[in-house]
Amino acid sequence: MSKYDKEDILRLAREEDVEFIRLQFTDIFGMLKNVAVTSSQLEKALDDRCMFDGSSIEGFVRDDETDMYLHPDPDTFEIFPWRPQQGKVARLICDVHRPGGSPFEGDPRYVLKKALKHAKDLGYDLYVGPECEFFLFHLDDEGLPTMTTHEKAGYFDVGPLDLAENVRRDIVLNLEEMGFEVEASHHELAPAQHEIDFHYSTGLATADNIMTFKMAVKIIAKRHGLHATFMPKPKEGVNGSGMHINLSLFDEDGQNVFEDKKDRQGWGLSQTAYWFMAGVLAHIEGMALLTNPLVNSYKRLIPGYDAPIYTAWTPSASKSCVMRIPTSRGKNTRIELRSPDSAMNPYLALAAILEAGLDGIEHPKELSAPVMSNLYRMPDEKRKAMAIRQIPSTLGRAIEAFEADPFIRRVLGEHIYSKYLEAKKGEWQEFRAQVTDWEVGQYLYKY
């Protein structure tokens, strides 16, 4: 059931003195975009009559088919608490449509909505809980981001070691004013690294929340004279930032279908959960280009920094497996996918993860045995004997795996698949042409 309708939005805008409304949408690379309108144009926007030039958005449409329309989702109406309280600013997250009214196949939100409908047709609702990590660095005198931080704090440290304690508090308070249920916030392992976790929600709401979260974190950080970055590995020699994704499926009666107290394997998981896990692991390499979309993403996915690199699952706290089962059971039974990072487009990544899991349910796949030991320390021969693969180690290998899995192409649709692949190939080729400081330091004198 919808939270708001058109009349609710118009009334709230009047009562709350909202002067500007940002109509937000996301491009295929996970970049938030918006068109701002005044309150006098709000009714027009709610009637889906707000048009924009789609050819100006990378990966959308060609120059000869520019007109696109924004269809606001009324349930996403929120007032920005950090903006002035007179002449307030609000936002609505929008779906992108073609002039005839049909959904635009290049809209990432549409791709996720299709995947969620597929799940619904099978009797399932997806719930997702993200664990979002980021770094806070200083700005220079011109307001540009640096890599400088004065703090030396580590995991779960508090002030005065944690110099950004008040920044995190401000972020959390603003998020709660926007309706987020924040479960925890803390300092992470690396200096200047932080994590904020918010309560699980439906798949679409979580993807919307991730985009809102990243925007809010950056804005609040800048108000404190800092730059927030979701770059996966901004500094060498320390842990990178991931975004672990906790997944569960509920049936029409509100029961968690991943739970089974009579599980013969003893992990409290249902057969549905095992099939879902097998489906995700079967496509984990092909979807890496979505869950880890940058050249820099693969600097995080290396041994020694608590990042998973092996296609295995564990019911323990082992950090070498891409998938683990947290200890909570009952309604909180869930699967934690540990390889994604915060640079991902949440709509596309969640669509691929969900469809992979549903593929495992619809076409039952054999799930490998759980791994109880540290795979980093396991000999290569033993890993091979257990059929444990390594996820792509570079963007180039992720591109190869992406192309080799036709399932991913079906999930994304031809438009996004081809545009996304073309852009990532260009990014990889550009990176390969760079001569880095490391290479100069290693080879200039020797050779």
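Please refer to the structure placed before this passage.
Asker: Give me the lowdown on the environment of M231, citing residues and values where you can.
Answerer: The residue M231 is located in the loop between β11 (226-229) and β12 (243-250) in this model. The exposure class of M231 is partly exposed, given its relative accessible area of 34%. Linking M231 and S241, residues ten residues apart in sequence, is a C-alpha distance of 7.2 Å.

Asker: Can you explain the packing of aromatic side chains? Please cite residues and give values.
Answerer: Here the distance between the centres and the angle between the planes together describe a pair of aromatic rings. This model, assessed by the stated rule, comprises 20 aromatic pairs. Pairing F180 with F198 gives two aromatic rings, centres 5.1 Å apart and planes at 85°, and the pair type is edge-to-face. Placement of the pair is F180 in the loop between α4 (165-177) and β8 (182-187) and F198 in strand β9 (residues 193-198), with a sequence separation of 18 residues. Pair check on accessibility: F180 and F198 agree, each one buried.

Asker: Give me the lowdown on the pairing of β8, citing residues and values where you can.
Answerer: Across five bridges, the pairing between β8 and β9 is antiparallel. Bridge pairing in β9 links H187 to H194. Connecting the antiparallel pair β8 and β9 is a turn made up of five residues, with A192 showing a positive phi of about 75°.

Asker: Would you mind going over helix α5 (residues 203-223) in detail, with residue names and values included?
Answerer: Counted at 1.5 Å a residue, the expected span for α5 with its 21 residues is 30 Å, and the 30 Å between its end C-alpha atoms agrees. Across the 21 residues that make up α5, a large majority, 15, are buried. Phi turns positive one or two residues past the end of α5, at G225, with a value near 75°.

Asker: Give a detailed account of the packing of α5 against helix α9 (residues 346-362), specifying residues and quantitative values.
Answerer: α9 packs onto α5 with a crossing angle of 150° between their chain directions and a minimal axis gap of 9 Å. Between α5 and α9, the angle falls in the class roughly antiparallel. The interaxial crossing formed by α5 with α9 has right-handed handedness. Of the residues in α9, those touching α5 at G203, L204, A207, D208, I210 and M211 are P346, Y347 and L350.

Asker: For the side chain of E336, give the residues involved together with the corresponding values.
Answerer: By the secondary structure assignment, E336 is in strand β15 (residues 335-337). Here the side chain of E336 touches H244 through a polar contact of 3.0 Å, side chain to side chain.

Conventions and cut-offs
- Residues numbered from 1 in each chain as written.
- Predicted model: local features only at pLDDT ≥ 70, side-chain atom pairs only at ≥ 80, totals over all residues.
- Heavy atoms only, no water.
- Helix = DSSP H or I, 4+ residues; strand = E, 2+ residues; numbered from the N terminus.
- Buried < 20%, exposed > 50% of the residue type's maximum accessible area, 1.4 Å probe, protein only.
- Phe/Tyr/Trp six-rings, centres within 6.5 Å; stacked < 30°, edge-to-face > 60°.
- Pairing = 2+ DSSP bridges.
- Expected span 1.5 Å × (residues − 1).
- Axes fitted to C-alpha atoms, helices over the stretch in contact; angles between N-to-C directions.
- Parallel < 35°, antiparallel > 145°, perpendicular 65-115°, else oblique.
- Left-handed = near helix turned anticlockwise from the far one by under 90°.
- Contact = heavy atoms within 4.5 Å.
- Polar contact = N/O pair within 3.5 Å; in protein donor to acceptor, adjacent residues only side chain to side chain.

Coordinates in, geometry out; function isn't part of it.
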